[in-house]
Amino acid sequence: MNTFEIWEHQPQEQEGNYLFSGTFYVTKGVSDKLSGQEISDIYGYIQKLAQEKNLDYLQVFPES
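Definitions and limits used
- Residues numbered from 1 in each chain as written.
- Predicted model: local features only at pLDDT ≥ 70, side-chain atom pairs only at ≥ 80, totals over all residues.
- Heavy atoms only, no water.
- Helix = DSSP H or I, 4+ residues; strand = E, 2+ residues; numbered from the N terminus.
- Buried < 20%, exposed > 50% of the residue type's maximum accessible area, 1.4 Å probe, protein only.
- Contact = heavy atoms within 4.5 Å.
- Areas by Shrake-Rupley, 256 points an atom, 1.4 Å probe, with all protein chains shown as cover.
- Salt bridge = Lys/Arg side-chain N within 4 Å of Asp/Glu carboxyl O.

Draft legend 1. How the structure looks around the overall build of the chain. Scanning the chain from N- to C-terminus turns up three helices and zero strands. Moving toward the C terminus, one meets the helices and strands of the chain in the order α-α-α. The buried share of the chain, reckoned over its 64 residues, is 20%. Put simply, of all contacts in the chain between residues at least 6 apart along the chain, 77% involve residues at least 24 apart. Put simply, the chain shows about 5,100 Å² of open surface, and 49% of that area lies on carbon and sulfur atoms.

Spelled out as structure tokens, the structure:
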């Protein structure tokens, strides 16, 4: 199944001067719930967005 059929990236709720440093953290709760493939897919997606846009340090992916 496609990761992004389950997890949908949400737009940032607040603007600011915070930039994504490239360090990617996954909480234990997230790592317990998501597969390694899902985490890898989301990580790649965030890296791509970081190159294209200014990103906040927190990105949200609720289940669709």
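From this point on, the discussion continues.
Draft legend 2. Just the pattern of salt bridges, in detail. Across all of its chains, the model carries two salt bridges by this definition. Two residues, Asp-32 and Lys-28, come together in a salt bridge whose shortest N-O distance is 3.1 Å. You can see Asp-32 and its partner Lys-28 sitting in helix H2 (residues 28-33), four residues apart, about one turn around the helix. The pair formed by Asp-32 and Lys-28 is uniform in burial state, with each residue classed as exposed. The residue Glu-52 makes a salt bridge to Lys-48 at a minimum N-O spacing of 3.5 Å. Here Lys-48 and Glu-52 lie together in helix H3 (residues 36-52), a separation of four residues that amounts to about one turn. Its relative accessible area of 47% is what places Glu-52 among the partly exposed residues. The exposed category is assigned to Lys-48, whose relative accessible area is 51%.

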